[in-house]
Amino acid sequence: MKAFRFAPRSFAFLCGAFLAAGLSACAGHAGREADLASASARADLGDFTVFAVAAEPETGLLQPALLYKNRDISPAQEPVRDITPGPKVADFPLPGCESMKVEMFTGGANCCFGYYLLASCPDGEHAAYVEPRNGGVGEARTEMKAYAVDDPAFFYYEPKNQSGADKLSLSRVESPRLTRFLVFDNGEWRADKAGEFPAAYKALLADVRRDKTMNRTARAVSMAYYALMAGRKEAEASRILKRALPGQYGSLAPEVFNDVKAAVAGFDPARTLTVAN
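Residues numbered from 1 in each chain as written. Predicted model: local features only at pLDDT ≥ 70, side-chain atom pairs only at ≥ 80, totals over all residues. Heavy atoms only, no water.

A. Layout of the overall build of the chain. Helix and strand counts for the chain stand at six helices and 14 strands. The proportion of buried residues among the 277 residues of the chain is 49%. Long-range contacts, defined here as pairs at least 24 residues apart, represent 52% of the contacts in the chain between residues at least 6 apart. In the structure as shown, the chain presents an accessible area of about 13,000 Å², 52% of it carried by carbon and sulfur atoms. (Helix = DSSP H or I, 4+ residues; strand = E, 2+ residues; numbered from the N terminus. Buried < 20%, exposed > 50% of the residue type's maximum accessible area, 1.4 Å probe, protein only. Contact = heavy atoms within 4.5 Å. Areas by Shrake-Rupley, 256 points an atom, 1.4 Å probe, with all protein chains shown as cover.)

Take a look at the structure:
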């Protein structure tokens, strides 16, 4: 996983923004409680604090700010419409840890949701950022020690180099909402690998097979995707795709399958935020 690069901001600079937004105290942990109480959204986990500062009062937008021990470690990000801290989850993602997911909604009918993933563990504290995208991060799956997360790779999907009048094109409603998992590995959140959770993807594949209401192309793509994630061989997943694709798109099967393979391998939504004492 790649560390997220951002323009560092001093806590003194951030205090200016807090004061401009009506937040009175910026110095110590005790004063921070008063700041959080007057903010429009707030969260505390271990030495992490999430503030929501009024970014553009006339629009109601908020600027998220993530602090670690009163030091700003926020990634560079645009203002959002809403910030919603989730519940604290004990013994997740590892025994002795406490975790929290903070959701940030950019606004609009269809898009988008970004996230802070925070964990306070016996070995230290960890933070990651998921950039706003179609879909979202689900609740903690404690039995898997993972978060379910949407992969929007095939939203509005159109294969390249199409010819003829009958072109493959998926609308938002037709597009598949593919499920992946974020796992905690060596202090960082990363996307799961093909074959890592075979039972989970076998179940997802079975669900898609049974769903006759899905767009047929979206269903074929989903089946091939989940077959690969379940650890099936490429030849088998390719056959699944070819059999399930509508006949008029049969010639596109090799290109669609290449796109499925690229989506499986390229999914990497979480960026580690550097936490230093």
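The structure having been displayed, the exposition proceeds.
B. Seen up close, the pattern of salt bridges. Using the criterion set out here, one finds ten salt bridges in the structure. The salt bridge partner of R180 is D192, with a shortest N-O separation of 2.9 Å. With R180 in strand 12 (residues 178–185) and D192 in the loop between strand 13 (188–191) and helix 3 (198–210), this residue pair connects regions lying twelve residues apart in the sequence. Of the residues examined, R180 reaches a relative accessible area of 1% and is grouped as buried. A salt bridge links D185 to R190, with the nearest nitrogen and oxygen atoms 2.8 Å apart. Residue class for D185 comes out partly exposed when judged on its relative accessible area of 36%. With a relative accessible area of 17%, R190 lands in the buried category. (Salt bridge = Lys/Arg side-chain N within 4 Å of Asp/Glu carboxyl O.)

C. Examining the packing of aromatic side chains more closely. In this structure the tally under the stated criterion is twelve aromatic pairs. Between F48 and Y68 the ring centres are 5.3 Å apart and the planes differ by 45°, which places this aromatic pair in the tilted class. In this pair, F48 is assigned in strand 2 (residues 48–56) and Y68 in strand 3 (residues 61–68), connecting sequence segments 20 residues apart. Note on accessibility: F48 and Y68 belong to one class, buried. Residues Y147 and W189 carry aromatic rings whose centres are separated by 5.0 Å and whose planes lie at 45° to one another, so their mutual orientation is tilted. (Phe/Tyr/Trp six-rings, centres within 6.5 Å; stacked < 30°, edge-to-face > 60°.)

D. Just the sheet that holds strand 12, in detail. The four strands are arranged 10-11-12-13 in an open sheet whose pairing can be described as antiparallel. The open sheet has two free edges, formed respectively by strand 10 (137–141) and strand 13, since each of these has just one partner strand. Pairs of neighbouring strands in the sheet enclose a mean axial angle of 30°, with direction left out of account. Bridge count between strand 10 and strand 11 (residues 146–151): three bridges; the pairing is antiparallel. When the sheet's bridge partners are listed, R141 is paired in strand 11 with A146. Relative to the sheet, helix 4 (residues 216–229) contacts strand 11 and strand 12, its axis offset from that of strand 12 by approximately 25°. (Pairing = 2+ DSSP bridges. Axes fitted to C-alpha atoms, helices over the stretch in contact; angles between N-to-C directions.)

E. Region of interest: the environment of P93. For P93, the position within the fold is in the loop between strand 6 (89–90) and strand 7 (98–105). Through-space distance from the C-alpha of P93 to that of F184 is 6.5 Å; in sequence the pair is 91 residues apart. Look past the residues within four positions of P93 in its chain and what remains in contact with it is S99, A119, K145, F184 and W189.

F. A look at the pairing of strand 2. Sheet analysis places strand 2 next to strand 3, joined by eight bridges and oriented antiparallel. Paired with E56 across the bridge in strand 3 is L61. In textbook terms, the turn of a hairpin is the stretch between consecutive antiparallel strands, and for strand 2 and strand 3 this stretch comprises four residues, one of which, G60, has a positive phi near 80°.

G. A look at the side chain of Q63. Turning to its location among the elements, Q63 is positioned in strand 3. Reaching out from Q63, the side chain makes a polar contact with the backbone oxygen of Q77 at a distance of 3.3 Å. Dropping the residues within four chain positions of it, Q63 is found in contact with F51, A52, V53, A55, Q77, E78 and P79. (Polar contact = N/O pair within 3.5 Å; in protein donor to acceptor, adjacent residues only side chain to side chain.)

H. Structural view of unusual backbone geometry. A cis amide bond links F92 with the next residue in sequence, P93, at an omega value of 5°. You will see that D91, though not glycine, has its phi angle at about 55°, which is positive. Looking at where D91 falls in the secondary structure, it is placed in the loop between strand 6 and strand 7. Overall, the relative accessible area of 43% leaves D91 in the partly exposed class. Positive phi is not limited to glycine here, since K145 has a value of about 55°.

I. Quick look at helix 3. A rise of 1.5 Å per residue sets the reference length of helix 3, with its 13 residues, at 18 Å; its end C-alpha atoms lie 18 Å apart and thus fit the reference within 8%. Among the residues of helix 3, those classed as buried are A200, Y201, L204, L205 and V208. One side of helix 3 holds all its buried residues, which, seen down the axis, span an arc of 135°. Exposed and oriented more than 90 degrees from the buried face of helix 3 are A199, K202 and R210. Looking at the buried positions of helix 3, the neighbouring elements they touch are strand 12 and helix 4. (Expected span 1.5 Å × (residues − 1). Arc of directions from axis to C-beta.)

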